[in-house]
Each structure stands twice: as C-alpha cells, then as structure tokens.
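# Coordinates in review
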Amino acid sequence: MRKNTTRSIVIMALCLVLNIVCSNLILMLRLPIYLDAVGTIFAASLLGPFGGMAVGGATGVLVGVTSDIFSLFFMPVQLVIGAVAGMLYKRKQASQQKNSWWLALAISLPGTILSTIITVILFNGITSAGSSIIVQLLYGAGMNQSLSVFLVQITTDYLDKLLTVIFVSFAGQLLGKRFSSIR
C-alpha cells in the first residue's frame with residue numbers, strides 16, 4: 001500500500017462507495033443478505049488487511065450516520081472481515097473460483113460469531129436486516145433466541161460472503177495483474 005498511495009486511496013474510495021450502494025440497496029429491498037462488505041473484501045484483496053479494515057471502518061461510520069444506525073454497532077464486524085480477508089488473500093491465490101467456498105467460510109465465520117454476539121446482546125435479535133424476519137420466525141417457533149440468531153447469521157453470512165468472494169474473483173480477473181500488484 002505504500003508504493004501507490006494515490007491509487008490505493010482511489011481504490012479505497014471506490015470500494016467504500018461500493019459498500020454503501022450495495023448495503024443500501026439490500027436494506028431497501030429487505031433481502032436476507034447484506035452485501036455491505038463487497039468493497040471491504042475487494043479492498044482487502046487488493047490492498048491487504050489494513051486497506052480492508054480502513055474501508056470497512058469507514059463504511060460502518062458513513063452508513064451508520066447517513067442511512068442505517070445499526071451499521072455503527074456492527075463496525076467491528078467490518079473490521080474483522082477486512083483483516084481476515086486481507087490475511088487470506090495475501091497468503092493464498094484466492095482469485096480462483098475453486099477456492100470460493102472455503103474462502104467465504106473462513107471470512108464469514110469470525111464475523112458471524114461477532115455479529116451474533118452484538119445482535120443478541122444489544123438488539124435482542126432484531127436489527128434492520130431482512131434476516132431479522134427469519135430470526136423472529138424461528139424464535140416464535142420455540143427456538144432459543146441466541147441459537148436462532150446464530151443459525152440465521154451463519155446461513156446468511158456464508159451466502160453473503162460466497163457471493164462477495166465470487167464477485168471479487170471475477171473483478172480481480174477482469175482487472176488483471178496490474179491491480180493485483182498494488183500491495
């Protein structure tokens with residue numbers, strides 16, 4: 001990230017916009033996925049853990065103060081996602097489609113645990129996400145609240161991160177090797 005600071009800043013700004021647009025679109029449509037970390041993971045794949053964390057942290061703050069207050073509380077999840085994705089993309093050639101399933105699992109699991117804790121402790125299982133409807137259905141059917149939040153989070157987070165990792169893989173292939181050498 002030190003070599004091309006202007007390019008890195010532009011990439012982080014574009015990734016931030018990508019996060020904001022995707023998260024607001026999904027929030028508006030009330031879908032049970034999030035897509036709020038597309039730019040975070042993309043920045044992490046290009047710029048490393050600190051680039052991903054910077055985009056994730058900025059996303060939490062900007063979305064939190066403009067359109068969805070819950071984003072402020074889930075900013076630690078964005079930071080964890082940026083850090084984990086940056087470390088994984090740094091170590092492994094993750095741009096291949098065959099690696100998508102495990103990469104999505106490795107990125108989503110720490111965030112799932114953290115977001116489950118935040119959702120249960122701070123919000124009693126109900127947030128602005130479309131997945132809260134599923135949580136309430138499971139809870140109303142007699143399932144423990146923490147378990148229902150975790151099951152919904154693990155499912156929706158994994159699907160969300162799988163779609164994101166596939167997007168990042170395609171974007172990385174389209175951009176070519178000149179952008180992969182930014183680090």
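First things first, this report covers the structure right here in the doc. (Residues numbered from 1 in each chain as written. Predicted model: local features only at pLDDT ≥ 70, side-chain atom pairs only at ≥ 80, totals over all residues. Heavy atoms only, no water.)

### Notes on a nonpolar patch on the surface
The cut-off we apply is this: Only residues above 30% relative accessible area that lack a salt bridge enter a patch, with like-charged residues linked at up to 9 Å and the nonpolar side chains Val, Leu, Ile, Met, Phe, Trp and Tyr linked at up to 5 Å. Accessible areas in this description were obtained via Shrake-Rupley with a 1.4 Å probe; residue shielding takes into account the shown protein chains only. The working definition used for a salt bridge is a side-chain nitrogen of Lys or Arg within 4 Å of a carboxyl oxygen of Asp or Glu. For the purposes of this entry, the term helix denotes a DSSP run of H or I that reaches at least four residues, the term strand denotes a run of E that reaches at least two, and both are numbered from the N terminus. Buried residues are those whose accessible area, probed at 1.4 Å on protein chains only, stays under 20% of the maximum for their type, while exposed residues exceed 50% and partly exposed ones sit between those limits.
Side chains of Ile69, Phe73, Leu109, Ile113, Ile117, Ile121 and Leu122 sit close together on the surface and give an oily, nonpolar patch of about 660 Å² of accessible area. Among the elements that make up the nonpolar patch, the one with the highest residue count is helix α6 (residues 100-123) (five residues). With relative accessibility at 62%, the residue Ile121 sits in the exposed group.

### Points about unusual backbone geometry
Here Leu35, not a glycine, exhibits a phi torsion of approximately 50°, which is positive. As for its position among the elements, Leu35 is in the loop between α1 (5-29) and α2 (38-47). Judged by relative accessible area, which is 18%, Leu35 ranks as buried. The backbone phi angle of Asn124 is positive, close to 50°, even though this residue is not glycine. Inspection of the secondary structure puts Asn124 in the loop between α6 and α7 (131-140).

### Here's the deal with helix α5 (residues 75-91)
Let me state the cut-off plainly: Expected helix span is taken as 1.5 Å per residue step, with the number of steps being one fewer than the number of residues. Residue contacts follow a heavy-atom distance rule, with two residues in contact if any of their heavy atoms lie within 4.5 Å.
Along its 17 residues, α5 runs 25 Å from first to last C-alpha, staying within 8% of the 24 Å computed at 1.5 Å per residue. Taken together, the buried positions of α5 are occupied by Val77, Gln78, Ile81, Gly82, Ala83, Val84, Ala85, Gly86, Leu88 and Tyr89. Those residues of α5 that are buried lie in contact with α1, α2, α3 (49-66), α6 and α8 (145-175).

### As for the environment of Thr155
The residue Thr155 is located in helix α8 in this model. On a C-alpha basis, the gap between Thr155 and Thr112 in space is 9.2 Å, while along the polypeptide they are 43 residues apart.

### Brief notes about the packing of α2 against α5
Selection rule: As a rule, the C-alpha atoms of each element are fitted with a line to give its axis, helices using only the stretch in contact, and angles between N-to-C directions run from 0 to 180 degrees. Rotating anticlockwise by less than a right angle from the far helix to the near helix defines a left-handed crossing, while the corresponding clockwise rotation defines a right-handed one. Each residue receives one of three labels: charged for Asp, Glu, Lys and Arg, nonpolar for Ala, Val, Leu, Ile, Met, Phe, Trp, Tyr, Cys and Pro, and polar for the others, Gly being one of them.
Two numbers describe how α2 lies on α5: the axes approach to 8 Å, and their chain directions differ by 35°. In this structure, α2 crosses over α5, and the sense of that crossing is right-handed. Two secondary-structure elements touch here, α2 through Thr40, Ile41, Ala44 and Ser45 and α5 through Gln78, Ile81, Gly82, Ala85, Gly86 and Tyr89. Residues that form the contact of α2 with α5 fall into these classes: five nonpolar, five polar and no charged.

### Notes on α8
Here α8 spans 43 Å end to end across 31 residues, near enough to the 45 Å set by a 1.5 Å rise per residue. Note on α8: the residue one or two positions beyond its end, Gly176, has a positive phi of about 85°.

### Considering the packing of aromatic side chains
What counts here: Here is the rule: rings of Phe, Tyr and Trp (six-membered ring for Trp) pair when centre to centre is within 6.5 Å. Planes less than 30 degrees apart are stacked, more than 60 are edge-to-face, and the remainder are tilted.
The final tally for this structure, using the stated rule, is four aromatic pairs. On the numbers, 4.8 Å between centres and 65° between planes, the contact of Phe70 with Phe123 is edge-to-face. Here Phe70 is found in helix α4 (residues 70-73), whereas its partner Phe123 is found in helix α6, with 53 residues between them in sequence. Relative accessible area serves as the criterion here: at 16%, Phe123 is assigned to the buried category. Aromatic rings pair up to connect Phe70, Phe73, Phe74 and Phe123 into one cluster.

### Looking at the packing of α2 against α8
Applicable threshold: Note on angle classes: values under 35 degrees are labelled roughly parallel, values over 145 roughly antiparallel, values of 65 to 115 roughly perpendicular, and the remainder oblique.
Orientation of α2 relative to α8, taken along the N-to-C sense of each, is 45°, at an axis distance of 9 Å. The pairing of α2 with α8 is recorded here as oblique in orientation. Crossing angle aside, the handedness with which α2 passes α8 is right-handed. Residues Val38, Ile41, Phe42 and Ser45 of α2 lie in contact with α8, whose contacting residues are Lys161, Thr164, Phe167, Val168, Ala171, Gly172 and Leu175. Classifying every residue of the contact of α2 with α8 gives seven nonpolar, three polar and one charged.

### Details of the nonpolar core
Side chains of a nonpolar character, in soluble globular proteins, are inclined to be buried together. For the record, the criterion: Take the buried residues of types Ala, Val, Leu, Ile, Met, Phe, Trp, Tyr and Cys, join any two whose side-chain atoms come within 4.5 Å, and each joined set is a nonpolar core.
The biggest cluster of nonpolar side chains holds 26 residues, and the ones touching the most others in it are Ile41, Tyr89 and Ile107. Mapped onto this core, the elements with two or more residues apiece are α1, α2, α5, α6 and α8. Discounting chain neighbours no more than four positions away, the residues touching Ile41 are Ile81, Ala85, Tyr89, Ile107, Lys161, Thr164 and Val168. Counting residues in each nonpolar core, the second largest holds five residues, with Cys22, Ile26, Ile33 and Val38 among its members.

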